[in-house]
Amino acid sequence: MNFLAHLYLSGDDPKIQVGNFIGDFVKGRDVHQQFERPIALGIELHREIDLFTDRHPEIKKSKNRLWPTYRHYAAVIVDLYCDHFLARNWNEYHDSFLPDYAERSYANLLAHDAVLPERVRWMLPHIMKGDWLSNYARLEGLHRALSGMARRTRFESNMDRATEDLRTYYTEFETEFRAFFPEVRQFASEWLKDRG
């Protein structure tokens, strides 16, 4: 659910961005039969980024810190923490102003409405209204996203309390993000380059 990071790691191709954004909502391996090539590549990239992230030692440290309280929701929370640190330090990673980048991203997703899975189509107006991509930078915005996800989980997740853990261990989580993010950025860039 770390939408900002997945968009950012897609590079500049609008269709790869769409595919990467919807990656969590597309099932099956036959993505090239379901979507045109750039969108299918974005979905595949999303899955590769998730695998890379899950195996990364710095992300494992972050998840382990949260595991006793959140169990398998720890991974989702760490994903959102990553979006927080990316948004908060956006000027270190991208030349454009984050609200402008967010507006372009929303417009791009709306332009590809026909290929968006039903659940994404339902979520997108809420994402845009709350400007999630920009508001991840603020702890209040992150808390709103986590609380919304907590309401939608089938089981008790406690995700609405996760901003308190971020406050408590802010330095540790940020240090782990800063060690991890350049590596996932290089991984995504090389993956895209290998596929032309």
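What counts and what doesn't
- Residues numbered from 1 in each chain as written.
- Predicted model: local features only at pLDDT ≥ 70, side-chain atom pairs only at ≥ 80, totals over all residues.
- Heavy atoms only, no water.
- Helix = DSSP H or I, 4+ residues; strand = E, 2+ residues; numbered from the N terminus.
- Buried < 20%, exposed > 50% of the residue type's maximum accessible area, 1.4 Å probe, protein only.
- Contact = heavy atoms within 4.5 Å.
- Areas by Shrake-Rupley, 256 points an atom, 1.4 Å probe, with all protein chains shown as cover.
- 1 Å grid on protein atoms, 1.4 Å probe; cavity = no way out; pocket = protein on both sides within 12 Å on 5 of 7 lines; lining within 4 Å.
- Points joined across faces, edges and corners; volume = space filled by probe spheres on them.
- Phe/Tyr/Trp six-rings, centres within 6.5 Å; stacked < 30°, edge-to-face > 60°.
- Lys, Arg positive; Asp, Glu negative; His and termini not counted.
- Salt bridge = Lys/Arg side-chain N within 4 Å of Asp/Glu carboxyl O.
- Polar contact = N/O pair within 3.5 Å; in protein donor to acceptor, adjacent residues only side chain to side chain.
- Axes fitted to C-alpha atoms, helices over the stretch in contact; angles between N-to-C directions.
- Parallel < 35°, antiparallel > 145°, perpendicular 65-115°, else oblique.
- Nonpolar A, V, L, I, M, F, W, Y, C, P; charged D, E, K, R; others polar.
- Expected span 1.5 Å × (residues − 1).
- Patch = residues over 30% accessible without salt bridge, like charges linked within 9 Å, V, L, I, M, F, W, Y side chains within 5 Å.
- Charge placed at Lys NZ, Arg CZ, Asp CG, Glu CD.
- Core = buried A, V, L, I, M, F, W, Y, C linked by side-chain atoms within 4.5 Å.

Undergrad: Which residues make up the overall build of the protein chain, and what are the values?
TA: Across its full length, the protein chain holds 12 helices and zero strands. For the protein chain, the succession of helices and strands along the chain, N to C, is α-α-α-α-α-α-α-α-α-α-α-α. The buried share among the 196 residues of the protein chain stands at 53%. Considering only intrachain contacts with a sequence separation of at least 6, the fraction spanning at least 24 residues in the protein chain is 66%. Summed over its atoms, the accessible surface of the protein chain is roughly 10100 Å², and 50% of this surface lies on carbon and sulfur atoms.

Undergrad: Account for the layout of surface pockets, with residues named and values stated.
TA: When its volume is computed, the second largest pocket comes out at roughly 300 Å³. Forming the boundary of the second largest pocket are 16 residues, of which Gly11, Asp12, Gln17, His94 and Tyr101 lie nearest the centre. For the lining of the second largest pocket, the elements supplying multiple residues, two or more each, are helix H1 (3-8), helix H2 (14-22), helix H7 (98-111) and helix H12 (170-194). A per-element tally of the lining of the second largest pocket places H7 first, with four residues.

Undergrad: Would you mind going over the packing of aromatic side chains in detail, with residue names and values included?
TA: By the definition in use, this model includes 15 aromatic pairs. For the pair Phe52 and Phe187, a centre-to-centre distance of 4.7 Å together with 20° between the ring planes defines the contact as stacked. One end of the pair, Phe52, is in helix H4 (residues 37-55); the other, Phe187, is in helix H12, with 135 residues separating them in the sequence. Judged by its relative accessible area of 23%, Phe52 is partly exposed.

Undergrad: I'd like a rundown of the side chain of Asp131, residues and numbers included.
TA: With respect to the helices and strands, Asp131 occurs in the loop between helix H8 (118-129) and helix H9 (132-135). In this structure, Asp131 is buried with no salt-bridge partner, the nearest side chain bearing the opposite charge being Arg138 at 8.4 Å. At 2.7 Å, the side chain of Asp131 forms a polar contact with the side chain of Tyr106.

Undergrad: How would you explain the pattern of salt bridges if you had to name every residue and give the values?
TA: Evaluated as defined, the whole model comprises 10 salt bridges. If you follow the salt bridges from partner to partner, you end up with Glu92, Glu174 and Arg178 in one network.

Undergrad: Can you tell me about the packing of H4 against helix H5 (residues 57-70), naming the residues and giving the values?
TA: At a minimum axis distance of 5 Å, the contact between H4 and H5 shows a crossing angle of 70°. Considered as vectors, H4 and H5 are oriented roughly perpendicular to each other. Of the residues in H5, those touching H4 at Thr53, Asp54 and Arg55 are Pro57, Ile59, Lys60 and Lys63. Residues that form the contact of H4 with H5 fall into these classes: two nonpolar, one polar and four charged.

Undergrad: How would you summarise helix H6 (residues 74-88) if you had to cite specific residues and measurements?
TA: With 15 residues, H6 extends 21 Å from end C-alpha to end C-alpha; this agrees with the ideal 21 Å at 1.5 Å per step. Most of H6 sits out of view: 12 of its 15 residues are buried. Among the residues of H6, Ala74, Ile77, Val78, Asp79, Leu80, Tyr81, Cys82, Asp83, His84, Phe85, Leu86 and Ala87 are the ones counted as buried.

Undergrad: Go over a positive patch on the surface with me, naming the residues and quoting the values.
TA: Judged by side-chain charge, Lys27, Arg119, Arg151 and Arg152 come together as a positively charged surface patch. With respect to the helices and strands, Arg119 occurs in helix H8.

Undergrad: Account for the nonpolar core, naming residues and giving values.
TA: By size, the foremost hydrophobic cluster in this structure holds 67 residues, and its most contacted members are Phe3, Leu4, Ile22, Tyr81, Leu86, Tyr136 and Phe181. Not counting residues up to four positions away in its chain, the partners in contact with Leu4 are Asp83, Leu86, Ala87, Trp90, Leu98, Tyr101, Leu133 and Tyr136.

Undergrad: Pulling in residues and values, what's your account of H4?
TA: Between its first and last C-alpha, H4 extends 27 Å over 19 residues, near the 27 Å set by a 1.5 Å rise per residue. The complete set of buried residues in H4 reads Ile39, Ala40, Leu41, Gly42, Ile43, Leu45, His46, Ile49 and Thr53. Residues of H4 that are buried in the fold lie against H1, H2, helix H3 (31-34), H5, H6 and H12.

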